[in-house]
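# Observations on the model geometry
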Amino acid sequence: MAYWYNLTTGQVESEDNKSQSDDLMGPYDSQAEASKALDTARQRTEAWDEEDKAWDEGPSDR
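Attention here is on the structure that accompanies the text. (Residues numbered from 1 in each chain as written. Predicted model: local features only at pLDDT ≥ 70, side-chain atom pairs only at ≥ 80, totals over all residues. Heavy atoms only, no water.)

### Focus on the pattern of salt bridges
In the structure shown here, the tally under the stated rule is two salt bridges. Aspartate 39 is paired through a salt bridge with arginine 42; the nearest N and O atoms lie 3.8 Å apart. Remark: arginine 42 and aspartate 39 occur in helix H2 (residues 37-57); sequence separation between them is three residues, near one turn of the helix. The class for arginine 42 is partly exposed, based on a relative accessible area of 41%. (Salt bridge = Lys/Arg side-chain N within 4 Å of Asp/Glu carboxyl O. Helix = DSSP H or I, 4+ residues; strand = E, 2+ residues; numbered from the N terminus. Buried < 20%, exposed > 50% of the residue type's maximum accessible area, 1.4 Å probe, protein only.)

### Things to note about the side chain of serine 14
Note on placement: serine 14 falls in strand E2 (residues 12-14). Serine 14 has contacts with Met1, Ala2, Tyr3 and Trp4, leaving out every residue within four places of it along the chain. (Contact = heavy atoms within 4.5 Å.)

This is the structure:
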């Protein structure tokens, strides 16, 4: 079963009770993963920001 995190309500939703909303993050494989959706998104964004910074700065051996 798939799960989603609803940004408006802050609730985890399953296929059985999924809202028809653009405010859903997912799907996730478990309720636990869906409940951590905002933390996961923040961690991924921070990692991508670091990758962008490293790309912009180029090799460190200059």
